[in-house]
Amino acid sequence: MKSFIPPKRTLMGPGPSDVSPRVLEAMARPTIGHLDPAFQKLMEEIKILLRYAFKTENKLTFPVSAPGSAGMETCFANLVEKGDKVIVCVNGVFGTRMVENVIRCGGEAIVVNDEWGKPVSIEKVETELKANPDVKIVAFVAAETSTGVASDTRTLCKLARAHDCLTIVDAVTSLGGSELDVDGWGIDAIYSGSQKCLSCPPGISPVSFNDRAIEKIKKREKPVQSWFMDLNLVMGYWDGEGGRSYHHTAPVNAMYALHESLLILYEEGLENAWKRHSEMSQKLREGFNAMGIRYLVEEKYALPQLNTILIPDHITDEAAIRAKLLNDHNLEIGAGLGALAGKVWRVGLMGHSARIENVEKCLAAFKAVMN
Ligand SMILES: *Cc1c(COP(=O)(O)O)cnc(C)c1O
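Residues numbered from 1 in each chain as written. Predicted model: local features only at pLDDT ≥ 70, side-chain atom pairs only at ≥ 80, totals over all residues. Heavy atoms only, no water.

Draft legend 1. Region of interest: helix H11 (residues 270–290). For H11, built from 21 residues, the straight-helix expectation of 30 Å at 1.5 Å per residue is met to within 8% by its first-to-last C-alpha distance of 31 Å. On the buried face of H11, the contacting elements are helix H2 (37–54), helix H10 (252–268), strand S11 (306–310), strand S14 (344–348) and helix H13 (356–370). Positive phi appears at Gly292, one or two residues downstream of H11, with a value of about 80°. (Helix = DSSP H or I, 4+ residues; strand = E, 2+ residues; numbered from the N terminus. Expected span 1.5 Å × (residues − 1). Contact = heavy atoms within 4.5 Å.)

This is the structure in structure tokens:
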């Protein structure tokens, strides 16, 4: 055996996205102790940068030392207690995982289903809120990576608040890629991931909780079942006031990478990053349209960072096309998931991947392979 040298790919699938050389370089710096004062300073800066990216003043904003799915579990494990009724909106794969989380936490999931490729229906959620006055939480995916659909997070949060419910929002694909305003929209608990529009290697999940969410957690009758995810314990490590105590060993180098990727976002400016994603997506759309390729999602609901295109009818072996893109062009795109398997391809323009070079490379590769 020899050292592993990965092939040079262009990552334009649903994540991970291309990691910028700056982030890779940061990650390769020497490991220091996770309680070293210098590392603690880095932790403080990461929290500040995450508050910027989430647009929040929430004190309880930090990165969970595990992938997006662990951020998801952190939200559900802490907020859902046995018997709690939770409205879960399902319009793609990640909504179905939220349902599973609610059930495993002992909660009762009231599922609001919408067609895959359509946003969450505000009317249906309102109907369930009226029919179930004892609902405690509304959970939904802001940016469904399985379909490429953006739901109306602002309106859903307003609606939930009007019915005295907390919100749990999946922003794994949203953060850094399209508009998100945690405080302005009144999001109570939110989780994201490092490997989508932050363009950091996978394995870290930024989360944020406001005072309403913390109040519910403090009033829990039973401790959180998961020791690792129990926020009361994790905060002894991430809070920093009065000195940090050992909870787990943070993935030190992964935190260097997260810090660098957040710094890149800060330097560019959040709004500029959203604009860049939207402009690149527009260019990609023009190119695909010129090739006669159609989109799954109506343009007004389409995510810029995840473009779901319909596989043309004459393509009989879609996996062969993806293999050819990968083998001949070093280009990774995503297959359809669940109900959309074999029907769509998912082309990501996330973070460092949302550049004109990538758009051009992708269109040229598609042209070559489809011919
Ligand atoms: C990728 C993704 C997740 C899961 O993140 P992992 O890092 O793969 O665990 C959850 N929700 C959405 C919307 C995602 O796109």
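Draft legend 2. Main features of the domain arrangement of the chain. Split by domain assignment, the chain resolves into domain 1 (10–15 + 270–370) and domain 2 (21–266). On a C-alpha basis, the centroid separation for the pair domain 1 and domain 2 is 27 Å. Counting from both sides, the interface comprises 25 residues of domain 1 and, opposite them, 28 residues of domain 2. Taken together, the two surfaces of domain 1 and domain 2 that pack against each other cover about 2100 Å², and 66% of this comes from carbon and sulfur. Broken down residue by residue, the surface that domain 1 buries against domain 2 is led by Leu270, Trp274 and Leu303, which jointly contribute 31%. Our count for the contact surface shared by domain 1 and domain 2 stands at 1 salt bridge. Those elements that provide at least two residues to the side of domain 1 that touches domain 2 are H11 and S11. (Domains from an automatic or database assignment. Buried area = accessible area lost by both parts, 1.4 Å probe. Salt bridge = Lys/Arg side-chain N within 4 Å of Asp/Glu carboxyl O.)

Draft legend 3. The sheet that holds strand S4 (residues 108–113), seen in detail. In space, the 7 strands of this open sheet follow the order S2-S10-S9-S8-S5-S3-S4, with mixed pairing throughout. The sheet is open, and its two edges are formed by strand S2 (60–64) and S4, each paired on a single side. In this sheet, adjacent strand axes meet at a mean angle of 15° when their direction is disregarded. Pairing of strand S9 (residues 189–191) with strand S10 (residues 205–209) involves 3 bridges; the strand directions are antiparallel. Across the sheet, residue Ile190 finds its bridge partner in S10, namely Ser208. Sitting on the sheet, helix H9 (residues 231–238) is in contact with S2 and S10, with an inclination near 90° to S2. (Pairing = 2+ DSSP bridges. Axes fitted to C-alpha atoms, helices over the stretch in contact; angles between N-to-C directions.)

Draft legend 4. Main features of the pattern of salt bridges. All told, the structure shown has 28 salt bridges when counted by the stated rule. A salt bridge links Glu115 to Lys118; the nearest nitrogen and oxygen atoms lie 3.9 Å apart. Look at Lys118 and you get partly exposed, because its relative accessible area is 37%. Between Asp188 and Arg212 there is a salt bridge, and its shortest N-O distance comes to 3.0 Å. (Buried < 20%, exposed > 50% of the residue type's maximum accessible area, 1.4 Å probe, protein only.)

Draft legend 5. Summary view of the packing of aromatic side chains. Counted under the stated rule, the structure contains 6 aromatic pairs. With a centroid separation of 4.9 Å and 80° between ring planes, the pair formed by Tyr52 and Tyr266 is classed as edge-to-face. Highlighted residues: Tyr52 in helix H2 and Tyr266 in helix H10, separated in sequence by 214 residues. Taking 5.1 Å as the distance between ring centres and 85° as the angle between the ring planes, the aromatic pair formed by Phe288 and Phe366 counts as edge-to-face. Taken as a pair, Phe288 in helix H11 and Phe366 in helix H13 lie far apart in primary sequence, 78 residues in all. Each member of the pair Phe288 and Phe366 is classed as buried. What links up through ring pairs into an aromatic cluster is the set Phe288, Tyr295, Trp345 and Phe366. In this arrangement the basic side chain of Arg285 is found over the ring face of Tyr295, its NZ or CZ atom lying 4.0 Å from the centre. (Phe/Tyr/Trp six-rings, centres within 6.5 Å; stacked < 30°, edge-to-face > 60°. Lys NZ or Arg CZ within 6 Å of the ring centre and 35° of its normal.)

Draft legend 6. Layout of the side chain of Asn101. Position of Asn101 relative to the elements: it lies in helix H4 (residues 93–104). A polar atom in the side chain of Asn101 sits 2.9 Å from the backbone oxygen of Arg97. Apart from residues lying up to four places away in sequence, Asn101 is in contact with Met72, Glu73 and Phe76. (Polar contact = N/O pair within 3.5 Å; in protein donor to acceptor, adjacent residues only side chain to side chain.)

Draft legend 7. Fine view of the packing of helix H3 (residues 68–79) against H4. In the contact formed by H3 and H4, the axes pass within 10 Å of each other and the chain directions differ by 40°. Taken together, the axes of H3 and H4 lie oblique to each other. Classified by chirality, the crossing of H4 by H3 is right-handed. Between H3 and H4, the contacting residues are Ser69, Met72, Glu73 and Phe76 on the first element and Phe94, Arg97, Met98, Asn101 and Val102 on the second. Taken together, the residues of the contact of H3 with H4 sort by class into 5 nonpolar, 2 polar and 2 charged. (Parallel < 35°, antiparallel > 145°, perpendicular 65-115°, else oblique. Left-handed = near helix turned anticlockwise from the far one by under 90°. Nonpolar A, V, L, I, M, F, W, Y, C, P; charged D, E, K, R; others polar.)

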